[in-house]
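Structural characterization, general
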Amino acid sequence: MHPSGSSAKRLHAGWAGLCGIIAADLADKGYTGPETVFEGRLGVYNSFLRSEVLDLNAIFKNMGSEWEILNVRPKLYPCCHYLQSFLDCVSALRKQTSFKPEEIARIECNVPAER
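Per chain, the residues get numbers from 1 upward, laid out in the order the sequence is written. Given that this is a predicted model, residues contribute local features only at a pLDDT of at least 70 and side-chain atom pairs are listed and counted only at 80 or more, while totals for whole chains, interfaces and linings are drawn from all residues. The basis for every side-chain value is the complete set of heavy atoms in the structure, and neither hydrogens nor water enter the calculation.

The next thing to look at is the packing of aromatic side chains. Each Phe, Tyr or Trp ring (for Trp, its six-membered ring) is paired with any other whose centre lies within 6.5 Å, and the angle between the two planes then decides the class: stacked below 30 degrees, edge-to-face above 60, tilted in between. For the structure on display, the rule yields 1 aromatic pair. Geometrically, the ring pair formed by F38 and Y45 is tilted, given 6.0 Å between the ring centres and 35° between the ring planes.

Before going further, it helps to examine the state of the cysteines. Here, the term disulfide refers to a pair of cysteine sulfur atoms separated by no more than 2.5 Å. Applying the stated criterion across every chain, the model contains 0 disulfides. Summary of cysteine pairing: C79 is not part of a disulfide, and the nearest cysteine sulfur, belonging to C80, is at 6.0 Å. The exposure class of C79 is buried, given its relative accessible area of 18%. For the unlinked cysteine C89, the closest cysteine sulfur is that of C109, found at 8.2 Å. On the basis of relative accessible area, C89 is assigned to the exposed category, the value being 51%. Throughout, exposure labels follow a simple rule: accessible area from a 1.4 Å probe, protein chains only, divided by the maximum for the residue type, with under 20% read as buried, over 50% as exposed, and the rest as partly exposed.

See below:
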């Protein structure tokens, strides 16, 4: 459960997936969207990157022939990114030594303060 008591975060990926399926279905039926959904005045680039100038020719240079998905690392643990390195440490520790969880008196993990 989220610290606020909400369990809605679990739905986020599902909603994104559902919207993708619906968008594909609509496109298959002939629905169209704006031609400048990415680069237009109200497009993704201007909405999220604001004043950054993008070289779209460089971005799309190898589109269709180079696949970045091969450079993506999957999330190893089902938790927030702040905990990933701590879990890696525990995994390495368990491989190097033999200890029982009840032998651990305290663990201190430093994370960024909430914003």
